[in-house]
Amino acid sequence: MPKPLKVQKKTKADDLFAASLPKARQTAAAARGGSAEAGYTARDIEVLEGLEPVRRRPGMYIGGTDEKALHHLFAEVIDNAMDEALAGHATFIEVELGNDGFLTVSDNGRGIPVDPHPKFPKKSALEVIMCTLHAGGKFDSKVYETSGGLHGVGVSVVNALSSLLEVEVARNQQLYKMSFERGHPKGKLQDLGKVHNRRGTRVRFKPDADIFGAKAAFKPQRLFKMARSKAYLFGGVEIRWRCAPELLRGVDDVPAEDTFHFPGGLKDYLAAAIHADTLVHPDIFAGKSGRTGAHGACEWAVAWTADADGFLSSYCNTIPTQDGGTHEAGIRSAMLRGLKDHAERVNQGKRAASITSEDVMVGAAVMLSVFVREPEFQGQTKDRLATAEAQKIVEQSVKDPFDHWLSGNPVQANRLLDFVIERADERVRRRQEKEVARKTAVRKLRLPGKLADCSNTAAEGSELFIVEGDSAGGSAKQARDRKTQAVLPLRGKILNVASAGKDKLAGNQQIADLMQAIGCGTLAHYRQEDLRYARIIIMTDADVDGAHIASLLITFFYRQMPRLIDEGHLYLAVPPLYRLTHGAKTVYARDDGHRDALLKSEFNANAKVDIGRFKGLGEMMPAQLKETTMDPNKRNLLRVVLLADDREGTADSVERLMGNKAEARFAFISDKAEFASEELLDV
Ligand code: 0RA
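All residue numbers here refer to positions counted from 1 along the written sequence of the relevant chain. Given that this is a predicted model, residues contribute local features only at a pLDDT of at least 70 and side-chain atom pairs are listed and counted only at 80 or more, while totals for whole chains, interfaces and linings are drawn from all residues. Each side-chain value is derived from all of the structure's non-hydrogen atoms; neither hydrogens nor water enter the calculation.

## Comments concerning the sheet that holds strand 20 (residues 570-573)
Consider a sheet: its strands pair through backbone hydrogen bonds, and that pairing is either parallel or antiparallel. Overall, mixed pairing links the 5 strands, which are arranged 18-17-19-20-24 in an open sheet. Since the sheet does not close on itself, it has two edges, and those belong to strand 18 (485-490) and strand 24 (637-639), each with one partner. Between one strand axis and the next, the sheet turns by 25° as a mean value, whatever way the strands run. As defined by bridge partners, strand 17 (residues 463-468) adjoins strand 19 (residues 535-539) across 5 bridges and the pair is classed as parallel. By definition, two strands form a pair when at least two bridges between them are found by DSSP. A run of H or I in DSSP counts as a helix once it spans at least four residues, and a run of E counts as a strand once it spans at least two, with each numbered from the N terminus. In this analysis, axes come from line fits to C-alpha atoms, helices being fitted only over the stretch in contact, and the angle between any two N-to-C directions falls in the range 0 to 180 degrees.

Shown next, in the form of structure tokens:
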């Protein structure tokens with residue numbers, strides 16, 4: 001789950017964050033140069049009000065503004081209610097999606113405190129929690145031990161990114177309400193009088209269309225699954241689901257009303273998920289250590305299926321960790337060690353010697369949940385748990401129960417052992433076959449080392465991107481579709497084949513790489529059936545250097561593989577030069593004219609559009625490069641063609657412009673000097 005970047009520079013705001021954070025974080029703030037004990041002035045309180053950084057850079061807090069990020073708002077709100085349930089204060093959570101796009105999450109916990117905040121007596125604690133970055137509202141870590149911002153970025157981030165958010169708190173038989181617009185209070189905290197049968201917190205909000213786009217909306221299916229998984233992760237909570245029926249037309253498997261309560265926890269989930277699969281053993285291996293929600297607690301359920309693929313769904317503090325991490329490493333190693341120990345006990349040690357955790361996991365369906373204080377998430381989407389302690393917790397929790405499970409039922413333990421040994425044998429066999437295949441393939445092809453090839457082996461549907469420079473090559477490798485797109489980075493300018501002699505051509509490494517990657521040979525040796533890609537795409541920067549490299553490459557193909565052009569295999573990519581951003585809207589322009597046209601057609605006349613100029617492909621984020629230049633569904637490509645009715649003219653031009661007679665080039669340049677722009681002269 002994305003967490004805000006650490007503030008490196010000490011600012012006034014650092015001190016303020018520290019004020020409402022638990023002890024551990026105060027120490028961290030102090031270590032950065034902040035002081036938890038600093039005095040507070042009116043000026044400080046102004047800083048406090050600002051959730052503007054969240055609105056300016058939502059991606060830093062929720063990982064983007066796409067559909068995943070939108071649902072992250074729900075995760076944040078339900079996680080707060082889950083904290084209250086895990087701490088033993090709430091027994092149910094209600095989730096309701098309305099036809100008006102508002103999402104409501106209620107719990108019957110203690111209710112967010114509404115009394116004056118100890119550090120800012122003019123504001124209620126509720127207002128401070130809703131309007132302060134990082135102030136998860138967990139002021140007193142002793143009272144609220146499992147939380148301390150168990151995760152996430154705080155409900156204030158949801159507030160900042162909602163066009164309207166209302167909080168109702170029923171506390172001490174009194175009902176309070178406060179409303180916010182884009183993170184700013186809309187009036188004061190209201191006292192709505194006595195209530196008797198109600199307690200807890202209700203948050204009702206609508207994501208801001210200015211941030212997420214006018215068409216963005218919660219997906220019932222996604223919310224339903226997220227809400228249900230929370231109930232599996234804590235058997236002690238009941239989750240009630242409700243969705244406006246109008247939103248469910250054409251949506252399968254999502255009822256308008258449902259109640260989730262799974263006292264059996266993850267074991268219940270696994271039993272439901274694999275009910276039709278054949279198990280290698282009859283019993284699910286499941287267990288838990290510690291009290292669910294408490295720091296250091298762990299719960300798991302595992303079953304080995306013979307006829308279906310395994311899976312591993314892991315969670316930390318009830319947050320899904322799609323990309324795994326330390327807790328997954330813990331269960332892998334416990335199960336591998338457990339199985340090997342068991343093999344020793346039954347005199348099968350030799351047979352089991354080669355098994356790896358990969359073999360153990362192949363057919364294993366695994367649910368894993370761990371709770372740690374202040375977890376650390378890593379990776380581009382923050383979906384991988386990095387907290388080292390989690391590995392130890394899980395490994396220690398699972399190892400003994402697994403030993404018991406194995407020795408308690410020798411028949412199923414031996415069946416499992418045989419099953420895993422078979423997987424190991426299969427793996428070894430596959431690797432040997434692959435090794436043999438690879439060796440023969442390498443002998444045939446000998447592909448250049450710098451080529452990042454695609455996995456498709458047929459030319460049909462495959463593409464090769466020839467990219468200028470290693471840095472752009474790196475971005476392109478990340479941006480590509482590995483299945484169908486190969487990338488060959490070239491360093492610097494390639495040899496000009498029109499002016500180089502035969503020897504130079506033969507000894508040039510870049511040219512050799514290019515020919516090997518493409519595979520079809522040159523001139524008289526050209527064999528269409530050996531062509532390795534249906535599209536050869538030249539992708540260079542949108543500047544004069546890029547244009548020069550592109551023309552050198554086209555010259556190479558024209559001279560050495562003219563049929564490649566004739567048969568329509570050669571293309572130029574069209575990378576953008578400008579990025580135009582305003583609010584949630586971003587468009588890309590390929591040149592100055594296109595930029596000016598887009599400014600007129602895509603934005604309001606008086607909008608302050610942010611215009612960024614890309615210095616080169618290497619400077620673009622892989623996701624941007626993909627979206628603008630490489631994704632077959634979004635990009636533009638130019639096909640390189642030979643003018644059918646002027647073949648001689650083309651040959652003349654290439655000789656004149658690229659050949660070894662400098663005089664001819666000079667004549668052309670002086671002839672066209674009036675067309676050169678200042679920008680070109682700059683270079
Ligand atoms: C801060 C302190 C306390 C509870 C909460 C926040 C709280 C936050 C949320 C968010 C959704 N539901 C919630 N329920 C409680 C402790 C208050 C006390 O000690 O009484």
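## Overview of the side chain of Asp403
Looking at the secondary structure, you find Asp403 in helix 15 (residues 388-408). Each residue is placed in one exposure class: buried if its accessible area under a 1.4 Å probe, protein chains only, is under 20% of its type's maximum, exposed if it is over 50%, and partly exposed if it falls in between. Taking the relative accessible area as the measure of exposure, Asp403 reaches 15% and is therefore buried. Setting aside residues no more than four positions away along its own chain, Asp403 makes contact with Gly338 and Arg345. Whether two residues are in contact is decided by their heavy atoms: any pair within 4.5 Å suffices.

## Quick notes on the nonpolar core
Inside soluble globular proteins, nonpolar side chains tend to come together where they are buried. Among the nonpolar cores identified, the biggest contains 59 residues, and Phe74, Ile93, Val95, Met130, Val167 and Phe205 are the most heavily contacted of them. At 10 residues, helix 6 (residues 67-86) tops the list of elements feeding residues into this core. Among the buried residues, those of types Ala, Val, Leu, Ile, Met, Phe, Trp, Tyr and Cys that are joined through side-chain atoms within 4.5 Å form a nonpolar core. Formed by 39 residues, the second largest nonpolar core is a distinct cluster that contains Val302, Cys316, Ile355 and Val420.

## Digging into the packing of aromatic side chains
Two rings from Phe, Tyr or Trp (for Trp, the six-membered ring) form a pair when their centres are within 6.5 Å of each other. A pair whose planes differ by under 30 degrees is stacked, one over 60 is edge-to-face, and the rest are tilted. Enumeration over the complete set of coordinates arrives at 13 aromatic pairs. With centroids separated by 5.4 Å and ring planes inclined at 40°, the aromatic side chains of Phe285 and Trp405 adopt a geometry described as tilted. Of the two residues, Phe285 sits in strand 10 (residues 285-289) while Trp405 sits in helix 15, which places them 120 residues apart along the sequence. By the burial criterion, Phe285 is buried, and Trp405 matches it. Grouped by ring-pair contacts, the aromatic residues Phe285, Trp300, Trp304, Phe402 and Trp405 constitute a single cluster. The criterion for a charge sitting over a ring is simple: Lys NZ or Arg CZ within 6 Å of the ring centre, and within 35 degrees of the ring normal. Looking at Arg240, its charged tip hangs above the ring of Phe92, at a distance of 3.9 Å from the centre.

## Some remarks on the pairing of strand 20
Bridge analysis of strand 19 against strand 20 gives 3 bridges, and the strand direction is parallel. Pairing of Ile537 across the sheet is with Tyr571, part of strand 20. With 3 bridges joining them, strand 20 and strand 24 adopt antiparallel strand pairing. The residue bridging Ala573 from the neighbouring strand is Leu637, located in strand 24.

## What about empty space enclosed by the protein?
Grid spacing is 1 Å over the protein atoms alone, the probe is 1.4 Å, and a cavity is where that probe fits but cannot get out, while a pocket is an open set with protein on both sides within 12 Å along at least five of seven lines and lining residues have an atom within 4 Å of a point. Grid points are joined across faces, edges and corners, and a volume is the space filled by probe spheres set on the points. Evaluated as defined, the whole model comprises 1 cavity of 30 Å³ or more. Of the volumes computed, that of the largest cavity is approximately 60 Å³. Surrounding the largest cavity, Asp541, Ala542, Asp543, Pro575, Pro576, Leu577, Phe614, Lys615, Gly616, Leu617 and Met620 form its lining. Of the residues in the lining of the largest cavity, the class split is 7 nonpolar, 1 polar and 3 charged. Think of it as three bins: nonpolar holds Ala, Val, Leu, Ile, Met, Phe, Trp, Tyr, Cys and Pro, charged holds Asp, Glu, Lys and Arg, and polar takes everything else, Gly as well.

## A closer look at the side chain of Ser162
Position of Ser162 among the secondary structure elements: in strand 3 (residues 162-171). Taking the relative accessible area as the measure of exposure, Ser162 reaches 1% and is therefore buried. Those residues in contact with Ser162 that lie beyond four places of it in its chain are Glu181, Arg182, Gly183, Phe205, Lys206, Pro207 and Asp208.

## With respect to the sheet that holds strand 13 (residues 319-320)
The strand order across the open sheet formed by 5 strands is 10-11-14-12-13, and the pairing between neighbours is mixed. Sheet topology places strand 10 and strand 13 at the edges, where each strand pairs with a single neighbour. Each of strand 10, strand 11 (298-304), strand 12 (311-316) and strand 14 (364-370) is contacted by helix 11 (residues 265-273), which is oriented at about 25° to strand 11, the strand it contacts most.

## Things to note about the confidence of the model for the chain
Confidence scores per residue from the predictor, reported as pLDDT, run from 0 to 100. When the pLDDT values of the chain are averaged, the result is 85; 87% of them are 70 or greater. Across residues 679-683, where pLDDT falls below 50, the model places 3 contacts with residues more than four positions away in sequence or in other chains.

## Concerning a negative patch on the surface
A patch consists of residues whose relative accessible area exceeds 30% and which take part in no salt bridge; residues with like charges are grouped when within 9 Å of each other, and nonpolar side chains (Val, Leu, Ile, Met, Phe, Trp, Tyr) when within 5 Å. Exposure was quantified through the Shrake-Rupley algorithm and a 1.4 Å probe, taking into account, for residues, occlusion by the shown protein chains and nothing else. Every case where a carboxyl oxygen of Asp or Glu lies within 4 Å of a side-chain nitrogen of Lys or Arg is listed as a salt bridge. Counting rule for charge: Lys and Arg are taken as positive, Asp and Glu as negative, and neither His nor the chain ends is counted. Charge positions come from single atoms, namely NZ of Lys, CZ of Arg, CG of Asp or CD of Glu. The grouping of Asp645, Asp646, Glu648 and Asp652 at the surface amounts to a negative patch. Assignment of secondary structure puts Asp652 in helix 24 (residues 647-658).

## Here's the deal with the pairing of strand 21 (residues 578-582)
Two elements, strand 21 and strand 22 (residues 585-589), share 5 bridges in a ladder whose sense is antiparallel. From the neighbouring strand, Leu580 faces strand 22, where its bridge partner is Val587. In this antiparallel pair of consecutive strands, strand 21 and strand 22, the connection spans 2 residues, and Gly583 shows a positive phi of 60°. Relative to strand 23 (residues 610-613), strand 21 is paired through 4 bridges, and the arrangement is antiparallel. Its bridge partner being in strand 23, Thr581 is matched across the sheet by Asp610.

## Points about the pattern of salt bridges
One pass over the full model with this rule turns up 37 salt bridges. We note a salt bridge from Glu127 to Lys123, for which the minimum N-O separation is 3.3 Å. The exposure class of Lys123 is buried, given its relative accessible area of 12%. We note a salt bridge from Lys585 to Glu602, for which the minimum N-O separation is 3.2 Å. One end of the pair, Lys585, is in strand 22; the other, Glu602, is in helix 22 (residues 592-602), and 17 residues separate them in sequence. Among the residues examined, Lys585 registers a relative accessible area of 34% and is labelled partly exposed.

## What about helix 15?
Side chains that are three or four residues apart share a direction in an α-helix, a result of its 3.6 residues per turn. An ideal rise of 1.5 Å per residue puts 30 Å on 21 residues; helix 15 measures up with 31 Å between its terminal C-alpha atoms. The seven residues ending at a residue and the seven starting there each receive a fitted axis; the angle between those axes is the bend at that residue. At Lys399, helix 15 is bent by approximately 25°, the largest bend along its length, and proline Pro401 sits one to four residues beyond. Every buried residue of helix 15 is accounted for by Ala390, Ile393, Val394, Glu395, Ser397, Val398, Lys399, Phe402, Asp403, Trp405 and Leu406. Expected span of a helix, by definition, is 1.5 Å for each gap between consecutive residues, and there is one gap fewer than residues.

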